[in-house]
Amino acid sequence: MTLGLINANPVVHAKKERVARTEDLHSNFVRDIRDPEHPYSLEQLSVLSEESITVDDKLGRILITFTPTIQHCSMATVIGLCLRVKLQECFPPHYKVDIKVAHGSHADEEAVNKQLNDKERVAAALENPNLRQLVDECLYSNEL
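Residues numbered from 1 in each chain as written. Predicted model: local features only at pLDDT ≥ 70, side-chain atom pairs only at ≥ 80, totals over all residues. Heavy atoms only, no water.

Draft legend 1. Geometry of helix α4 (residues 119–127). Listed as buried for α4 are V122, A125 and L126. In a view along the axis of α4, the buried residues occupy a sector of 95°, so they form one face of it. Relative to its buried face, α4 has exposed residues pointing more than 90 degrees away, namely E120 and E127. One side-chain oxygen at the N-terminal end of α4 lies 2.9 Å from the backbone nitrogen of E120; it belongs to D118. (Buried < 20%, exposed > 50% of the residue type's maximum accessible area, 1.4 Å probe, protein only. Helix = DSSP H or I, 4+ residues; strand = E, 2+ residues; numbered from the N terminus. Arc of directions from axis to C-beta. Polar contact = N/O pair within 3.5 Å; in protein donor to acceptor, adjacent residues only side chain to side chain.)

Put into structure tokens, the structure is as follows:
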């Protein structure tokens, strides 16, 4: 965790009721990922929504577009890593995963998108034990 909060007062939304519908199954994989800075899920902070997740099972492609809570969010790459790790665990390896920040939602949008979709950068980031621990805490925390 960081020493000082970048967004000390995020807007927190109520958890949505979960309905078992086929089209919602894909969003269920990532909706409970915890934010790296706050004890809330990405869904509660409106970083992710059902509409921001597109899965094409026929083509084996997944596109997730997320919206950081603030334009200069330093945790955007960590959020993207969490999404990628979770999707790699939940989908077969032949699926192509693209993760992007929503257009205009981050000051370094192009750099963040490039980093999140570069296999070598992702692999190197996940080899860092501190970063991997943070990702694991976001994925497997029971704090929500």
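Draft legend 2. Representation of unusual backbone geometry within the structure. Here the phi dihedral of S46 falls at roughly 60°; this positive angle occurs in a residue that is not glycine. Mapped onto the elements, S46 comes out in the loop between α1 (25–28) and β1 (53–56).

Draft legend 3. Up close: the side chain of D35. Positionally, D35 belongs in the loop between α1 and β1. Of the side chains with opposite charge, R34 comes closest to the buried, unpaired D35, at an N-O distance of 6.5 Å. In this structure the side chain of D35 is engaged in a polar contact, spanning 2.9 Å, whose partner is the backbone nitrogen of E37. Side-chain polar atoms of D35 contact the backbone nitrogen of H38, separated by 3.1 Å. With residues up to four places along the chain from it excluded, the contact list for D35 reads Y40, S41, L42, L45, I79 and C138. (Lys, Arg positive; Asp, Glu negative; His and termini not counted. Salt bridge = Lys/Arg side-chain N within 4 Å of Asp/Glu carboxyl O. Contact = heavy atoms within 4.5 Å.)

Draft legend 4. The arrangement of the packing of aromatic side chains in detail. Inspection of every chain in the model, using the stated rule, returns two aromatic pairs. Between F91 and Y95, the ring centres sit 5.1 Å apart and the planes meet at 55°, which makes this aromatic pair tilted. Taken together, the aromatic side chains of F29, F91 and Y95 make up a single cluster linked through ring pairs. (Phe/Tyr/Trp six-rings, centres within 6.5 Å; stacked < 30°, edge-to-face > 60°.)

Draft legend 5. The nonpolar core, seen in detail. By size, the foremost hydrophobic cluster in this structure holds 35 residues, and its most contacted members are V30, I33, I64, F66 and L83. Put simply, the parts of the chain that give this core at least two residues each are β2 (61–66), α2 (76–90), β3 (96–101), α3 (109–116), α4 and α5 (129–140). (Core = buried A, V, L, I, M, F, W, Y, C linked by side-chain atoms within 4.5 Å.)

Draft legend 6. Here's a closer look at the sheet that holds β3. Pairing is mixed in the open sheet, where three strands are placed in the order β1-β2-β3. For this open sheet the edge positions go to β1 and β3, each flanked by a neighbour on one side alone. With strand direction ignored, the average angle separating the axes of adjacent strands in the sheet is 10°. Of the strand pairs in this sheet, β1 and β2 are connected by four bridges, and their pairing is antiparallel. The partner of T54 across the bridge, within β2, is L63. Sitting on the sheet, α2 is in contact with β2 and β3, with an inclination near 155° to β2. (Pairing = 2+ DSSP bridges. Axes fitted to C-alpha atoms, helices over the stretch in contact; angles between N-to-C directions.)

Draft legend 7. How the structure looks around the pattern of salt bridges. Going through the model one piece at a time under the given rule, you end up with five salt bridges. The partner of D98 in a salt bridge is R61, with the nearest N and O atoms 2.9 Å apart. Of the two residues, D98 is situated in strand β3 and R61 in strand β2; the sequence distance between them amounts to 37 residues. Where D136 meets R132, a salt bridge forms, and the shortest distance between an N and an O atom there is 3.2 Å. Of the two residues, D136 and R132 are both situated in helix α5; the distance of four residues between them amounts to about one turn of the helix.

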